[in-house]
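Structural overview
What follows is each chain in one-letter form.
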Amino acid sequence: VHIDPLGLIMVMVVGFGYARPVPVDPRNFRNPRADLFVAAAGPAMNLVLAFLTVNLFLAGLATGYFSEAGPRLFFLYLAQINLLLMLFNLIPLGALDGHYILPHFLPRELAYRYRVINARYGNYALLALIALSLMGVPVFQHLMAFSGALLPWIVVV
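This report concerns the structure included in the present document.

Attention now moves to the packing of aromatic side chains. Working definition: an aromatic ring pair is given by the centre-to-centre distance plus the angle between the planes. Applying the stated rule across the entire model yields 3 aromatic pairs. Aromatic side chains Phe-57 and Phe-75 sit 5.4 Å apart centroid to centroid with 20° between the ring planes, which places their arrangement in the stacked category. Highlighted residues: Phe-57 in helix α2 (residues 34–63) and Phe-75 in helix α3 (residues 72–89), separated in sequence by 18 residues. Relative accessible area serves as the criterion here: at 0%, Phe-57 is assigned to the buried category. An aromatic cluster is built from Phe-57, Phe-74 and Phe-75, whose rings are joined through pairwise contacts.

This is how it looks when you write it as structure tokens:
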């Protein structure tokens, strides 16, 4: 349900794509912050997956289940990619989860202005960031570096 054929083709051809948004009816919410929790679920799941991946790998390494050489890159890249996806989705532009989360931390008037401006220009700003990245400007390398720096912070094993 979440897979969009064109978005999937873009991932395979361009290396970047998109998925269908999850349909949510805010009229079903009882809590006024429910949209915050819905939007935070995706990045939170990326964090949980990264946490489980790196810690299960390190536990397997400590018990001798894994050899250092074989699955090390797979598990560490999987954890880092999940952290990268979490950070990317927290960008408060366009239709990313961050644009639903940020207004809950702003004063009411500023949140309203942000929502209006993001509704009008957010997707264009996000596309501009992606275009700059595809043209060689290191826009997302900072996110990748930050996701690598977060890796030691989620290790408990």
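Glancing now at the nonpolar core. The biggest cluster of nonpolar side chains holds 20 residues, and the ones touching the most others in it are Leu-83, Phe-88, Ile-91, Phe-140, Leu-143, Leu-151 and Ile-154. Every element with two or more residues in this core is listed here: α2, α3, α5 (108–134) and α6 (141–150). With 7 residues, the single largest contributor to this core is α3.

Quick look at the side chain of Ser-147 now. Relative to the assigned elements, Ser-147 resides in helix α6. A distance of 2.7 Å separates a polar side-chain atom of Ser-147 from the backbone oxygen of Met-144. Every residue in contact with Ser-147, bar those within four places of it in the chain, is listed here: Gln-80, Leu-83, Leu-84 and Leu-87.

Another point: the layout of surface pockets. Roughly 1,600 Å³ of internal volume is contained in the largest pocket. What lines the largest pocket is a set of 40 residues, and nearest its centre among them are Ala-19, Asn-89, Ala-95, Leu-96 and Asp-97. Secondary-structure elements contributing two or more residues to the lining of the largest pocket are α2, α3, α5 and α6. Tallied by class, residues from the lining of the largest pocket come to 27 nonpolar, 9 polar and 4 charged.

What follows is about α6. Inspection of α6 places Leu-143, Ser-147 and Leu-150 among the buried residues, and these make up the whole buried set. For α6, the arc enclosing every buried residue in end-on projection is 60°, short of the 170-degree limit, so these residues lie on one face. Opposite the buried face of α6, by more than 90 degrees, sit the exposed residues His-142 and Ala-145. Residues of α6 that are buried in the fold lie against α3.

Scoring rules and cut-offs
- Residues numbered from 1 in each chain as written.
- Predicted model: local features only at pLDDT ≥ 70, side-chain atom pairs only at ≥ 80, totals over all residues.
- Heavy atoms only, no water.
- Phe/Tyr/Trp six-rings, centres within 6.5 Å; stacked < 30°, edge-to-face > 60°.
- Helix = DSSP H or I, 4+ residues; strand = E, 2+ residues; numbered from the N terminus.
- Buried < 20%, exposed > 50% of the residue type's maximum accessible area, 1.4 Å probe, protein only.
- Core = buried A, V, L, I, M, F, W, Y, C linked by side-chain atoms within 4.5 Å.
- Polar contact = N/O pair within 3.5 Å; in protein donor to acceptor, adjacent residues only side chain to side chain.
- Contact = heavy atoms within 4.5 Å.
- 1 Å grid on protein atoms, 1.4 Å probe; cavity = no way out; pocket = protein on both sides within 12 Å on 5 of 7 lines; lining within 4 Å.
- Points joined across faces, edges and corners; volume = space filled by probe spheres on them.
- Nonpolar A, V, L, I, M, F, W, Y, C, P; charged D, E, K, R; others polar.
- Arc of directions from axis to C-beta.

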